[in-house]
Amino acid sequence: MKNNLFKSTLLFLLALSFTSTTFAQQFKVLLYTKTAGFHHESIHEGVAAIRQLAARHNFSVTWQENATVFNDKDLANFSAVIFLNTTGDILNDEQQAAFEKFIRSGKGYVGIHAASDTEYDWTWYTKMVGMMFKIHPAQQTAYLKVEDSNFPGMERFPKKFLWTDEWYEFGDLKSTDLHYLISVDEKSYEPYAKWGTNEGKGMGKFHPISWYHNYDGGRAFYTGLGHIPLTFSDQTFLDHIYGGIYWAATGKGL
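Residues numbered from 1 in each chain as written. Predicted model: local features only at pLDDT ≥ 70, side-chain atom pairs only at ≥ 80, totals over all residues. Heavy atoms only, no water.

Chemist: Can you tell me about the UniProt feature "domain: ThuA-like" (unreviewed entry) in the protein, naming the residues and giving the values?
Modeler: Taken from the UniProt record, the annotation "domain: ThuA-like" (unreviewed entry) applies to residues 28-248. Summarising residues 28-248: 24% helix, 31% strand, and an end-to-end C-alpha distance of 11 Å. (UniProt positions renumbered as here; feature names shortened; annotations may be inferred. Helix = DSSP H or I, 4+ residues; strand = E, 2+ residues; numbered from the N terminus.)

And the structure:
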């Protein structure tokens, strides 16, 4: 009787171990959507889309709007952090220090759209993003051009294609080692905008909209796309986002 009980228990533990191994997830990411400025309607669609990407691609996502998660202990659980349409000053000094330590440990950052409208006074962050939001005109359709297809998630993109979004004009270059993935053709839309003393006339001949680079021991990916809620149901865009997540979390794909 004891023998049979022992065998049954052993078989159960082996089966449990096999199940845990079989369904182990590739990596874990923190999805952060806190806003201290404009709150994008598309945050809700973005959260749902990234959760679906996690289910499809077998990774774990934890959604937070509470900045207290930015501490050494909690961040150690993740391979990458996604800033989805964050705005304004969203981390205090201690939380910023924990995030810097996280990236320096070899982890990754993914910035989507308004992530470049975040933490302007935090020099380390602005260098990680690469360029910061300055102004944008009204939402319009424009031509996008693929600058580099040799990056995860870029496989579906045609060389040139129409896209409708909110076209960010960026300020001065904060990092000189950016690898550009996508640019927008300013001749295909009206880039002029004026908000009081803030005036935008476009970025000239070359207007990047997505890029990546290695940064301070870790990895950083940014895309300026993602203002319109329905963007997050577009498969090409979802591939683009997952490619950035995959590379930022693992360093693989190049």
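Now that the structure has been shown, we can carry on.
Chemist: Residues and numbers for the pairing of strand 6 (residues 140-146), please.
Modeler: Burial along strand 6 is one-sided: Gln-140, Ala-142, Leu-144 and Val-146 are buried, while Thr-141, Tyr-143 and Lys-145, pointing the other way, are not. Here six bridges tie strand 6 to strand 7 (residues 160-165), and the two strands are oriented antiparallel to one another. By the bridge assignment, Leu-144 is partnered in strand 7 with Phe-161. In this sheet, strand 9 (residues 179-184) lies alongside strand 6 in antiparallel orientation, the contact comprising three bridges. Counterpart to Lys-145 in the pairing with strand 9 is Ser-183. (Buried < 20%, exposed > 50% of the residue type's maximum accessible area, 1.4 Å probe, protein only. Pairing = 2+ DSSP bridges.)

Chemist: If you had to explain the environment of Gln-52 to someone new, which residues and values would you point to?
Modeler: Within the secondary structure, Gln-52 sits in helix 2 (residues 42-57). Here the alpha-carbon distance between Gln-52 and Leu-238, two residues 186 residues apart in the chain, equals 9.7 Å.

Chemist: Give a description of the packing of aromatic side chains that names residues and reports values.
Modeler: Geometry of an aromatic ring pair is reported as the spacing of the ring centres plus the angle between the planes. Tallied over the entire structure, the rule returns 35 aromatic pairs. Ring plane angle 25° and centroid distance 5.5 Å describe the contact between Trp-122 and Trp-124, whose orientation is recorded as stacked. Accessibility classification places Trp-122 together with Trp-124 in one group, the buried group. Aromatic rings pair up to connect Tyr-32, Phe-70, Phe-83, Phe-99, Phe-102, Tyr-109, Trp-122, Trp-124, Tyr-125 and Tyr-215 into one cluster. Here Lys-160 stacks its cationic end above the ring of Tyr-143, 4.4 Å away from the centre of that ring. (Phe/Tyr/Trp six-rings, centres within 6.5 Å; stacked < 30°, edge-to-face > 60°. Lys NZ or Arg CZ within 6 Å of the ring centre and 35° of its normal.)

Chemist: Outline the nonpolar core, supporting the account with residue identities and numerical values.
Modeler: Considering soluble globular proteins, one finds that nonpolar side chains tend to be buried as a cluster. Membership of the largest hydrophobic core comes to 74 residues, with the highest contact counts inside it found for Phe-70, Phe-83, Phe-99, Tyr-109 and Tyr-125. Here the element with the most residues in this core is helix 6 (residues 235-250); it accounts for eight residues. When residues no more than four places from it in sequence are discounted, the contact partners of Tyr-125 are Phe-83, Tyr-109, Ala-115, Thr-118, Glu-119 and Met-132. (Core = buried A, V, L, I, M, F, W, Y, C linked by side-chain atoms within 4.5 Å. Contact = heavy atoms within 4.5 Å.)

Chemist: Residue-level account of unusual backbone geometry, with values.
Modeler: One non-glycine residue with positive phi stands out, namely His-113, at about 50°. Following the sequence through the fold, His-113 ends up in the loop between strand 4 (108-112) and helix 5 (123-129). Despite not being glycine, Asp-216 shows a phi value in the positive range, around 50°. Within the fold, Asp-216 resides in the loop between strand 12 (208-215) and strand 13 (218-223). Classification of Asp-216 as partly exposed rests on a relative accessible area of 33%.

Chemist: Tell me about the sheet that holds strand 4, and name the residues and values.
Modeler: Remark on secondary structure: sheet strands pair via backbone hydrogen bonds, oriented parallel or antiparallel. Here we have nine strands laid out as an open sheet, ordered 2-1-3-4-13-12-9-6-7, and mixed in their pairing. Looking at strand neighbours, the two that pair on one side only are strand 2 (60-64) and strand 7, the edges of this open sheet. Shown here is a sheet whose adjacent strand axes are inclined to one another by a mean of 20°, direction ignored. (Axes fitted to C-alpha atoms, helices over the stretch in contact; angles between N-to-C directions.)

Chemist: Residues and numbers for the environment of Arg-56, please.
Modeler: The topology assignment puts Arg-56 in helix 2. Along the sequence, Arg-56 and Ser-188 sit 132 residues apart, while their C-alpha atoms lie 35 Å from each other.

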